[in-house]
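These are the residues of each chain, in order.
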Amino acid sequence: QAKREGKNGVQFFQKSLDAAVHGQLHLEARLRAALDAGGLHLHYQPQVDTTTGALLGFEALVRWTDTQLGLVSPARFIPLAEEAGLIGDLGEWVLNEACRQAAEWGLRVPVAVNVSALEVAQEDFTQRVHATLRRHGLDGGQLKLEVTERLSVQDLQRAARQLAQLHGLGVQLSLDDFGTGQSSVSTLLQLPLNELKLDRSLITGVAESPIEQRVVSALISLGRSLNLTVIVEGVETPEQLRVLRDLGCGAVQGYLTGRPGPASMWTPHLNGPLPLNLPERSAGAGDG
Ligand code: C2E
Ligand code: MG
Ligand code: MG
Ligand code: MG
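Residues numbered from 1 in each chain as written. Chains lettered and ligands numbered in written order. Predicted model: local features only at pLDDT ≥ 70, side-chain atom pairs only at ≥ 80, totals over all residues. Heavy atoms only, no water.

Peer 1: Whenever I open this one, the confidence of the model for the protein confuses me. Can you help?
Peer 2: Caution applies to low-pLDDT regions: their predicted coordinates should not be interpreted in detail. The predicted model of the protein averages 88 in pLDDT, with 86% of residues at 70 or higher. With a pTM of 0.90, the predicted complex shows an ipTM of 0.98. (pLDDT = per-residue confidence, 0-100.)

Next up, the structure:
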């Protein structure tokens with residue numbers, strides 16, 4: 001009896017494994033097809049000065065809508081693209097499209113592009129970025145790269161060399177998701193950064209929690225003492241923004257100040273004030 005169950009268990013396991021592998025291959029093939037057929041597009045989300053409401057940049061976020069699967073989250077397909085060896089082509093498409101859009105807009109603030117650590121560690125990464133900037137007539141300063149650390153020590157050293165060269169071209173570098181497992185303090189010492197981007201998970205309760213406030217305050221001080229811009233991602237409420245501003249945070253990005261949307265959503269607003277949602281400054285807040 002037990003033996004038979006065991007065997008069925010193995011068969012069942014084998015079946016579900018086959019299904020999982022099949023599903024993965026299916027997804028991979030569809031992603032590859034989307035990449036070839038122009039099935040990806042970019043959304044843009046504003047990065048905003050907490051005191052003036054000025055636009056500081058746009059982050060480009062890749063979107064994939066599959067005809068059968070519907071909208072697939074990048075949190076799902078970016079790791080897949082990395083495993084399947086598609087991240088080089090995908091990253092190149094994103095970089096080119098974001099730079100093309102920035103040039104079409106005549107954007108004076110940088111467009112921020114997420115780059116996979118695997119891409120940055122590739123030998124020709126610097127050259128490819130440089131070629132893309134030239135293709136669209138952009139200065140290095142019009143591009144910001146958001147890096148999340150997911151690298152071995154050797155890869156990190158290789159990435160650091162590439163990033164130092166790009167830094168020399170004026171390209172800005174941001175350490176994304178800082179404060180989560182993926183982005184550590186030691187990375188701060190190894191990469192030529194301009195910006196520290198605090199992860200959303202650090203600030204979800206910042207309006208109510210004195211401990212979160214102290215942690216965020218310390219991280220803002222850390223960034224400032226290293227001459228880095230500190231930006232907080234995932235700001236959703238006026239209370240969060242008010243607290244962050246009072247703690248000295250200069251820049252935010254989140255649903256409060258603008259959801260990610262297609263370029264056409266932002267084009268009409270580029271020459272006027274953005275439709276932002278900045279709360280009044282709280283009375284008695286320090287001047288920084
Ligand atoms: P990320 O770079 O940390 O991007 C921020 C994520 O938070 C985005 O999710 C954005 O849509 C979402 N977000 C923005 N404001 C808010 C908010 O107020 N509340 C909440 N709950 N979420 C907010 P998205 O677009 O699903 O992207 C997920 C991750 O996928 C990104 O995290 C980034 O790591 C990766 N990714 C996205 N586009 C690209 C790309 O073109 N290349 C690479 N390599 N990775 C990308
Ligand atoms: Mg990012
Ligand atoms: Mg982030
Ligand atoms: Mg994040």
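Peer 1: Explain helix 8 (residues 210-225) here, please?
Peer 2: Side chains of residues three or four places apart in an α-helix project in the same direction, reflecting 3.6 residues per turn. Taking 1.5 Å as the rise per residue, helix 8 with 16 residues should run 22 Å; its terminal C-alpha atoms sit 22 Å apart, in good agreement. Looking only at helix 8, the buried set comprises V216, L219, I220 and G223. All buried residues of helix 8 project into a common sector of 105° when viewed along the axis, lining one side. The outward face of helix 8, more than 90 degrees from its buried face, is lined by the exposed residues I211, R214 and S225. Residues of helix 8 that are buried sit in contact with strand 6 (172-178), strand 7 (195-198), strand 8 (229-233) and helix 9 (238-246). Two residues or fewer past helix 8, N227 is found with a positive phi of approximately 60°. (Helix = DSSP H or I, 4+ residues; strand = E, 2+ residues; numbered from the N terminus. Expected span 1.5 Å × (residues − 1). Buried < 20%, exposed > 50% of the residue type's maximum accessible area, 1.4 Å probe, protein only. Arc of directions from axis to C-beta. Contact = heavy atoms within 4.5 Å.)

Peer 1: Any chance you could explain the nonpolar core here in plain terms?
Peer 2: Across soluble globular proteins, nonpolar side chains have a tendency to be buried as a group. L31, Y44, L143, L145, L198 and L244 are the most contacted members of the largest nonpolar core, which has 71 residues in total. The biggest single contributor to this core is helix 3 (residues 87-105), with eight residues. With residues near it in sequence (within four places) discarded, L31 still touches L40, W64, F77, L80, A81, L86 and L90. (Core = buried A, V, L, I, M, F, W, Y, C linked by side-chain atoms within 4.5 Å.)

Peer 1: Help me understand the side chain of E28, please; the structure alone is not making it clear to me.
Peer 2: When you line up the elements, E28 lands in helix 1 (residues 2-37). Among buried charged residues, E28 stands out as having no salt bridge; its nearest opposite-charge side chain is R32, 4.3 Å away. Ignoring any residue separated from it by four or fewer positions in sequence, one finds E28 in contact with L80, A84 and L86. (Lys, Arg positive; Asp, Glu negative; His and termini not counted. Salt bridge = Lys/Arg side-chain N within 4 Å of Asp/Glu carboxyl O.)

Peer 1: How do you make sense of helix 5 (residues 125-135) when you look at a structure like this?
Peer 2: Within helix 5 the residues assigned to the buried category are F125, T126, R128, V129, T132 and L133. All buried residues of helix 5 fall inside an arc of 165° around its axis, so they share one side. Structural note: helix 5 exposes Q127, R134 and R135 on the side pointing more than 90 degrees away from its buried face. The positive-phi residue at the C-terminal boundary of helix 5 is G137, with phi of around 65°.

Peer 1: Help me understand the pairing of strand 2 (residues 55-66), please; the structure alone is not making it clear to me.
Peer 2: Within a regular beta strand, the side chains point alternately toward one face of the sheet and then the other, so they alternate between its two faces. Most of strand 2 sits out of view: nine of its 12 residues are buried. The antiparallel pairing of strand 1 (residues 40-49) with strand 2 creates a hairpin that spans five residues between the two strands, and G53 there sits at a positive phi of about 80°. Bridge analysis of strand 2 against strand 4 (residues 111-115) gives three bridges, and the strand direction is parallel. The residue bridging A60 from the neighbouring strand is V113, located in strand 4. Where strand 2 meets strand 3 (residues 70-72), three bridges bridge the pair, whose relative direction is antiparallel. Looking at the pairing, W64 lines up with V72 of strand 3. In this antiparallel pair of consecutive strands, strand 2 and strand 3, the connection spans three residues. (Pairing = 2+ DSSP bridges.)

Peer 1: How should the packing of helix 3 against helix 5 be read in this particular structure?
Peer 2: To describe two helices that pack against each other, one gives the angle between their axes and the distance between the axes. Two elements in contact, helix 3 and helix 5, have axes separated by 9 Å at closest approach and are oriented at 30°. Taken together, the axis directions place helix 3 and helix 5 in an arrangement best described as roughly parallel. Crossing hand, helix 3 versus helix 5: right-handed. Contacts between helix 3 and helix 5 involve G88, E92, L95, N96 and C99 from the first element and R128, V129, T132, L133 and R135 from the second. (Axes fitted to C-alpha atoms, helices over the stretch in contact; angles between N-to-C directions. Parallel < 35°, antiparallel > 145°, perpendicular 65-115°, else oblique. Left-handed = near helix turned anticlockwise from the far one by under 90°.)

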